[in-house]
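Results of the structural survey
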Amino acid sequence: MILLGNGQRLIDRQIQLVNDRFPNCDKIIVGGYECDTIFNSVPNEIIKIENENYANSNFCRSVGMALRATTCKNILIVNGDTLFNAEALNFDTKHSTLVIGNDNDEDPEDVGCNIDMDCIEILLFGLKNKCSKISYLLPKDVEIMKSICWDRNNAKKFAFEVYNEMIEKGTKFKPYLNKKTVSIDIYNQKILDMVLEGKFND
């Protein structure tokens, strides 16, 4: 479980910010490895789902399980390793949206996207316009995501693969970015060290 530089747990910060922006929504956590540690420490009203096959599946399977557990028409998806601030959720909810990080350096470890006519065309490793792991879906696009994530042949697909397939099936993602947005995916030791030092505290 990740602690931020101010001593707050990352999961608690995520829950707080989502509650502030979407106070009346269902909140679902899908966990895998050692998920009981998280499940036992978050509020009771949060729906908790264990992906027992986490070692042989990925984003697609976990999100599919969450989609089975809610009747909400609009969906916000946030990965468990994403540190973000309130501004990252301040997008227009009239559109399906992918949140873009502020770091535009080309890094082969990061997934970026091409943007044309204010819509995301494709997501690939090494592109600028870094895609954070935060997305918001309107009802028609939730249905498209269900058709992908409920296909067990897709269980190992990463987020960017799911989003690319959604785009192919007609989803028009709006990119959301402004200078106040903080959205950092904690995927290596260097970034974790910076988080522990409090460099991304707002």
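Keep in mind the model is a prediction, meaning the values are calculated, not measured.

Leave glycine aside and you will find that most residues have negative phi; peptide bonds, for their part, are mostly trans. Phi is positive for methionine 117, close to 55 degrees, though the residue is something other than glycine. Note on placement: methionine 117 falls in the loop between strand E6 (111-116) and strand E7 (119-125).

To continue, consider the side chain of lysine 130. By the element assignment, lysine 130 lies in the loop between E7 and strand E8 (131-137). The buried charged residue lysine 130 lacks any salt bridge, with aspartate 110 as its nearest oppositely charged partner at 4.9 Å. Within the structure, lysine 130 has its side chain in polar contact with the backbone oxygen of leucine 127 (distance 3.0 Å).

Where strands meet in a sheet, backbone hydrogen bonds hold them as pairs that are either parallel or antiparallel. Here four strands make up an open sheet; going across it, the order is E3-E8-E5-E9 and the pairing mixed. Edge strands, defined here as strands with exactly one partner in the open sheet, are strand E3 (75-78) and strand E9 (174-176). Strand-to-strand twist in this sheet, taken as the mean axis angle between neighbours without regard to direction, amounts to 25 degrees. Lying on the sheet, helix H4 (residues 139-149) is in contact with E3 and E8; it crosses E8 at an angle near 115 degrees.

Bringing the nonpolar core into the picture now. In globular proteins that are soluble, nonpolar side chains generally tend to be buried together. Formed by 26 residues in total, the largest nonpolar core has its most connected members in Leu123, Met145, Tyr163 and Met166. When residues of this core are traced back to their parent elements, those giving at least two are helix H3 (59-68), E3, strand E5 (97-100), E6, E7, E8, H4 and helix H5 (159-168). When residues of this core are assigned to their parent elements, the largest contribution, six residues, is made by H5. Sequence-distant contacts of methionine 145, defined by excluding residues within four places in its chain, comprise Phe59, Val63, Leu67, Ile77, Leu137, Val162, Tyr163 and Met166. Core analysis: the next-biggest nonpolar cluster, separate from the first, contains 12 residues, Val18, Phe22, Ala88 and Val99 among them.

Here we take up the packing of H3 against H4. Between H3 and H4, the least distance of the axes is 9 Å, while the angle of their chain directions is 120 degrees. With respect to H4, the axis of H3 lies oblique. Between H3 and H4 lies a crossing of left-handed hand. Across the interface between the two elements, Phe59, Cys60, Val63, Gly64 and Leu67 from H3 touch Val142, Met145, Lys146, Ile148 and Cys149 from H4. Partitioning the contact of H3 with H4 into residue classes produces eight nonpolar, one polar and one charged.

Procedures and definitions
Residues numbered from 1 in each chain as written. Predicted model: local features only at pLDDT ≥ 70, side-chain atom pairs only at ≥ 80, totals over all residues. Heavy atoms only, no water. Helix = DSSP H or I, 4+ residues; strand = E, 2+ residues; numbered from the N terminus. Buried < 20%, exposed > 50% of the residue type's maximum accessible area, 1.4 Å probe, protein only. Lys, Arg positive; Asp, Glu negative; His and termini not counted. Salt bridge = Lys/Arg side-chain N within 4 Å of Asp/Glu carboxyl O. Polar contact = N/O pair within 3.5 Å; in protein donor to acceptor, adjacent residues only side chain to side chain. Pairing = 2+ DSSP bridges. Axes fitted to C-alpha atoms, helices over the stretch in contact; angles between N-to-C directions. Contact = heavy atoms within 4.5 Å. Core = buried A, V, L, I, M, F, W, Y, C linked by side-chain atoms within 4.5 Å. Parallel < 35°, antiparallel > 145°, perpendicular 65-115°, else oblique. Left-handed = near helix turned anticlockwise from the far one by under 90°. Nonpolar A, V, L, I, M, F, W, Y, C, P; charged D, E, K, R; others polar.

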